[in-house]
Amino acid sequence: MISTMNYSAPFRLIAVVLVSVLLVVVATPARAEAIEALTIVAIAGLALAGIVLIAYLVIANVEGDKRAGAGRVIWVACTGDDCTTAPAAVEAALAAAPAPVMGSQGP
């Protein structure tokens, strides 16, 4: 069975002491320590790498629409003096087709 709270003087004193110690521990500033040079260089390197990565992603996003698409012309077919352009679909069809077998030629 749960008993009622005891508000006697010794328990009040213990509570006040515990609260006082807790406030002193929380309010006391931490000891200042020097940061090593290697730690400073590591933090600066990580910051620089983050800036470079963000800049690369921003530039790639702006310049990203310049890839070869399905409707773009990607190569030129020339026969003599007449040169024509071929779309990417033609190049894909030619790349998927098997190469012709050439016979050996004798002298």
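Details of the structure are given in the entry above.
Residues numbered from 1 in each chain as written. Predicted model: local features only at pLDDT ≥ 70, side-chain atom pairs only at ≥ 80, totals over all residues. Heavy atoms only, no water.

Trainee: Outline the overall build of the chain, listing residues and values.
Mentor: Within the chain, the regular secondary structure consists of three helices and two strands. Residues counted as buried form 2% of the 107 residues belonging to the chain. When the accessible surface of the chain is summed, it comes to about 10,100 Å², and 70% of that surface belongs to carbon and sulfur atoms. (Helix = DSSP H or I, 4+ residues; strand = E, 2+ residues; numbered from the N terminus. Buried < 20%, exposed > 50% of the residue type's maximum accessible area, 1.4 Å probe, protein only. Areas by Shrake-Rupley, 256 points an atom, 1.4 Å probe, with all protein chains shown as cover.)

Trainee: Describe in detail a nonpolar patch on the surface, supporting the description with residues and values.
Mentor: A cluster of nonpolar side chains, Leu13, Val17, Val21 and Val25, forms an exposed patch at the surface whose accessible area comes to about 370 Å². Structurally, Val17 can be placed in helix α1 (residues 9-27). Taking the relative accessible area as the measure of exposure, Val17 reaches 42% and is therefore partly exposed. (Patch = residues over 30% accessible without salt bridge, like charges linked within 9 Å, V, L, I, M, F, W, Y side chains within 5 Å. Salt bridge = Lys/Arg side-chain N within 4 Å of Asp/Glu carboxyl O.)

Trainee: I'd like to hear about α1, residue by residue, with values.
Mentor: Counted at 1.5 Å a residue, the expected span for α1 with its 19 residues is 27 Å, and the 27 Å between its end C-alpha atoms agrees. Burial analysis of α1 places just zero of its 19 residues in the buried class, a small minority of the element. (Expected span 1.5 Å × (residues − 1).)

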